[in-house]
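Coordinate analysis (summary)
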Amino acid sequence: PNVPAAAALEAMTDASEPRTVRTTALNLLSRMPDTTRAIYVAKNALTDPDPLFAAAAVRDLARIGGDAGKAALRQELTREDRVTVRAAIQRALEGE
């Protein structure tokens with residue numbers, strides 16, 4: 001795995017970056033052969049203050065997180081109150 005590239009992409013998901021950069025970086029990170037770092041970043045991003053970035057993290061986590069990712073989404077659904085993020089979680093879980 002390309003560790004420097006993964007680290008650079010993870011850094012680009014920081015809240016100081018524009019949403020488009022963050023979302024693209026997370027998506028690219030989730031498409032790397034080793035998805036361990038992407039799963040970690042996506043789980044943390046579920047509670048991100050930007051609901052559209054959090055919703056993007058939901059989609060990536062649902063795609064690459066396996067059973068543990070779906071479990072994290074089910075748990076997050078019990079405490080998430082933002083409509084956009086709740087809807088993304090519900091859509092992701094309906095696709096199980």
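You'll find the structure just up there.
Rules used throughout
Residues numbered from 1 in each chain as written. Predicted model: local features only at pLDDT ≥ 70, side-chain atom pairs only at ≥ 80, totals over all residues. Heavy atoms only, no water. Buried < 20%, exposed > 50% of the residue type's maximum accessible area, 1.4 Å probe, protein only. Helix = DSSP H or I, 4+ residues; strand = E, 2+ residues; numbered from the N terminus. Arc of directions from axis to C-beta. Contact = heavy atoms within 4.5 Å. Core = buried A, V, L, I, M, F, W, Y, C linked by side-chain atoms within 4.5 Å.

1. Considerations on helix α3 (residues 36–45)
In an α-helix there are 3.6 residues to a turn, and that puts residues three or four apart on one side. Every buried residue of α3 is accounted for by Ala 38, Ile 39, Val 41, Ala 42 and Ala 45. In a view along the axis of α3, the buried residues occupy a sector of 165°, so they form one face of it. The exposed set on the far side of α3, more than 90 degrees from its buried face, consists of Thr 36 and Tyr 40.

2. Examining the environment of Leu 73
Counting through the fold element by element, Leu 73 comes out in helix α5 (residues 66–77). Separated by 17 residues in the primary sequence, Leu 73 and Gln 90 have C-alpha atoms spaced 8.7 Å apart. Excluding its chain neighbours within four sequence positions, the residues that come into contact with Leu 73 are Leu 46, Val 58, Leu 61, Ala 62, Ile 89, Ala 92 and Leu 93.

3. A short note on the nonpolar core
Soluble, globular proteins show a tendency: their nonpolar side chains are buried together. Among the nonpolar cores identified, the biggest contains 28 residues, and Leu 29, Val 58, Leu 61, Leu 73 and Ile 89 are the most heavily contacted of them. Those elements that place two or more of their residues in this core are α1 (3–11), α2 (19–30), α3, α4 (51–64), α5 and α6 (83–94). Element by element, the count of residues in this core is highest for α4, at 8 residues. The residues touching Leu 29, leaving out its near neighbours within four places in the chain, are Ala 6, Leu 9, Glu 10, Arg 37, Ala 38 and Val 41.

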